[in-house]
Amino acid sequence: MAELKLPVGKEPIRELTVGDYLELSGLMITGRDAAHKWLVEGFRKEVAPFLDGTVIYHCGPVVRRNDDGSHDFVAAGPTTSIREEPYQAEVIGRYGLRGCIGKGGMGPKTLAGLGEHGAVYLHAIGGAAQVLARCVKRVDRVFMLEEFGVPEALWVIDVERFPVMVTMDSHGGSLHDEVEKQSKRRLAELIGV
Amino acid sequence: MVGSVNYVETFVELIRRASTELPADVTSAIEKGRKREQGGSLAQKAFDTILENVGLARDHSAPICQDTGTPVVWIHHPRGVSTRQLKQAFEDAVRQATGRQCLRPNAVDTITGKNTGNGAGRGIPYVHFEEWEADHLEVRMILKGGGSENCGTQYKLPEGRLKAGRDLDGVRRVVLDAVVQAQGKGCAPGVLGVCVGGDRVSGFAESKRQLLRPLDEINPDPQLAELEARVLEEGNGLGIGPMGFGGETTLLGVKIGVLDRLPACYFVTVSYMCWADRRAGVCISEGGEVTWLS
């Protein structure tokens, strides 16, 4: 099992293929529905340095605010990624992201974007909010908390050995495409259509 | 307080249990699923992480999943109990549970995009009330996450694409299609709550109510019991697997209920519940004595 330090360049990312199991360490950022729409509606220069060379985590965490104003992640598994399909490739290209983390996989537009920009789709285990929150060592800062609320804000987090699986790579490989094709074939056999 | 009973406190504990303690029958179904997967496969790894997570959540009284979902609640109450006060008590409990991080602030103003910040909002939580003959109150709830909710769907039969006519074989066909459409997006392996019949509203309500049934409970209607078992087996044969990684376990359970229908309508409604099949229940006696339900 390989450890991958963030931020990272394109070269190590190009070496990754579907089925690789990785542990991520370093700074990453959360962002989901509201964040992706907002990131493509303009160039958000205040957030851009925290996207460049790292990955965006599709996650709406449960967060505790401490008395000193700092925050801790209480629960932090991935959310379903396909909702970001209209935006993801553009967000990756515009901000220099090396990929995203989510669950359920994404579609052809994102897959093409991964190839074009040298990025990967990383799958975390959906619902594993405790296992994954324990990998978040520190909340560095947060953007758009007031406007978007806790689940939709962009949280910059420092993670240690955050476990993910490569399920879409920069060479056109997608585990999700394979599984979907196979399951559709089996359904057709079962019901004779 | 409603009468002499402090409902809010009990409801907060009910929510905490639902959010942090996976029911034993669900954990057992997950363990069985793990055994079916090949050693060292991505599917088995997914199950290992899931089981580790279930243990951590219980030990630390912390949410199993960060999407603590919409609380959907069914309350049976004796005659004379104020449902207005009960609803208010449940809403208060949701706000308190959110303050204690048992729930995520999950109510967003649809127009402005502003999060209410306290978990309660217009239509959230959703509480169904029914009066019964008994003297005690029974409260059952599920926490239904958004990823799985997005996989819910409603078919109207006949459905030509799937050769699904207005009979139980037609139901089987569309339900299997729903599993294929969901892939891993609803956090497979999932539990299906299905309603055959009803209208577009009652169908969804009943399909969610089916999710209150324990996974090992067998449908008292033998035809439905057979259909549940068959869809479970065939669904697992689709090979979608945990998280959609491919594998032997795509479903943990299938629960099918029936409502009568209009002659012109034949709806089949599917509610998809993620592997984190969170439900809890409580009985509250007239005197305020609390019994937790499994």
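Residues numbered from 1 in each chain as written. Chains lettered and ligands numbered in written order. Predicted model: local features only at pLDDT ≥ 70, side-chain atom pairs only at ≥ 80, totals over all residues.

**Q** I tried to follow the overall build of chain B on my own but got confused; where do I start?
**A** A tally of regular secondary structure across chain B gives eight helices and nine strands. The C-alpha radius of gyration of chain B comes to 19 Å, within 12% of the 19 Å expected for a compact globule of 294 residues. With the C-alpha coordinates aligned to their principal axes, the bounding extent of chain B is approximately 55 × 50 × 40 Å. Here chain B holds 294 residues, and 52% of them are scored as buried. At a minimum sequence separation of 6, the contacts of chain B that also span at least 24 residues come to 76%. (Helix = DSSP H or I, 4+ residues; strand = E, 2+ residues; numbered from the N terminus. Rg over C-alpha atoms; globule rule 2.2 N^0.38 Å. Buried ≥ 20, exposed ≤ 12 C-beta atoms within 10 Å, placed from the backbone. Contact = placed C-beta atoms within 7 Å.)

**Q** What am I meant to see in the domain arrangement of chain B here?
**A** Often, the extent of an interface is quoted as the loss of accessible area upon association of its parts. All names here are of chain B. Domain annotation of chain B identifies domain 1 (7-21 + 64-145 + 278-293) and domain 2 (147-273). Placing the centre of domain 1 and that of domain 2 at their C-alpha centroids yields a distance of 26 Å. Contacts between the two partners involve eight residues from domain 1, matched on the other side by eight residues from domain 2. Where the side of domain 1 that touches domain 2 is concerned, the elements lending two or more residues are strand 1 (70-77) and strand 3 (137-144). Taken together, the residues that form the side of domain 1 that touches domain 2 break down as three nonpolar, one polar and four charged. (Domains from an automatic or database assignment. Nonpolar A, V, L, I, M, F, W, Y, C, P; charged D, E, K, R; others polar.)

**Q** Can you walk me through helix 3 (residues 42-60) of chain B in this structure?
**A** Given 3.6 residues per helical turn, the α-helix brings residues three or four places apart onto the same face. Across its 19 residues, helix 3 of chain B extends 27 Å between first and last C-alpha, which sits within 8% of the 27 Å expected from 1.5 Å per residue. Two residues or fewer after helix 3 of chain B comes Ser 61 of chain B, characterised by a positive phi angle close to 50 degrees. (Expected span 1.5 Å × (residues − 1).)

**Q** Hey, could you run me through the sheet that holds strand 6 (residues 251-258) of chain B in this one?
**A** Within a beta sheet, neighbouring strands are joined by backbone hydrogen bonds and run either parallel or antiparallel to one another. Residues and elements named next belong to chain B. Strand order in the open sheet formed by four strands is 4-7-5-6, with mixed pairing between adjacent strands. Since the sheet does not close on itself, it has two edges, and those belong to strand 4 (153-156) and strand 6, each with one partner. Adjacent strand axes in the sheet meet at a mean angle of 15 degrees, parallel and antiparallel pairs treated alike. Bridge analysis of strand 5 (residues 190-196) against strand 6 gives seven bridges, and the strand direction is parallel. (Pairing = 2+ DSSP bridges. Axes fitted to C-alpha atoms, helices over the stretch in contact; angles between N-to-C directions.)

**Q** Honestly, the nonpolar core in this entry has me stumped. Any pointers?
**A** Soluble globular proteins tend to pack their nonpolar side chains together in the buried interior. Membership of the largest hydrophobic core comes to 145 residues, with the highest contact counts inside it found for Leu 97, Val 120 and Leu 122 of chain A together with Ile 15, Val 175, Val 194 and Val 268 of chain B. Take this core: its biggest share by element is nine residues, from strand 9 (residues 154-168) of chain A. Both of domain 1 (7-21 + 64-145 + 278-293) and domain 2 (147-273) of chain B provide at least three residues apiece to this core. Setting aside chain neighbours within four positions, we find Val 194 of chain B in contact with Val 175, Ser 207, Gln 210, Val 254, Lys 255, Ile 256, Val 268, Thr 269 and Val 270 of chain B. (Core = buried A, V, L, I, M, F, W, Y, C linked by C-beta atoms within 7 Å.)

**Q** Can you help me understand the packing of helix 7 (residues 175-191) of chain A against helix 6 (residues 168-182) of chain B in this one?
**A** One way to put it is that helix 7 of chain A packs onto helix 6 of chain B with a least axis distance of 10 Å and a crossing angle of 175 degrees. Comparing the axis directions of helix 7 of chain A and helix 6 of chain B gives the class roughly antiparallel. Counting all contacts with helix 7 of chain A, which are made through Ser 183, Lys 184, Leu 187, Leu 190 and Ile 191 of chain A, the residues of helix 6 of chain B involved are Arg 173, Leu 176, Asp 177 and Val 180 of chain B. (Parallel < 35°, antiparallel > 145°, perpendicular 65-115°, else oblique.)

**Q** Sorry if this is basic, but what is going on with unusual backbone geometry here?
**A** For residues besides glycine, phi is generally negative; the peptide bonds are generally trans as well. The residue after Leu 6 of chain A, namely Pro 7 of chain A, is reached through a cis peptide bond having omega 0 degrees. With respect to the secondary-structure elements, Pro 7 of chain A resides in the loop between strand 1 (2-6) and helix 1 (10-14). Of note, the bond from Leu 157 of chain B into Pro 158 of chain B is cis; its omega dihedral lies within 30 degrees of zero at 5 degrees. Positioned with a positive phi, Met 144 of chain A is a non-glycine residue whose angle comes to about 60 degrees. With respect to the element layout, Met 144 of chain A can be found in the loop between strand 8 (136-143) and helix 6 (145-148). By C-beta crowding, Met 144 of chain A is classed as partly exposed, having 18 other C-beta atoms within 10 Å. In this model, Lys 163 of chain B sits at a positive phi of 50 degrees, which is unusual for a non-glycine residue. By the secondary structure assignment, Lys 163 of chain B is in the loop between strand 4 and helix 6. Its 13 C-beta neighbours within 10 Å are what place Lys 163 of chain B among the partly exposed residues.

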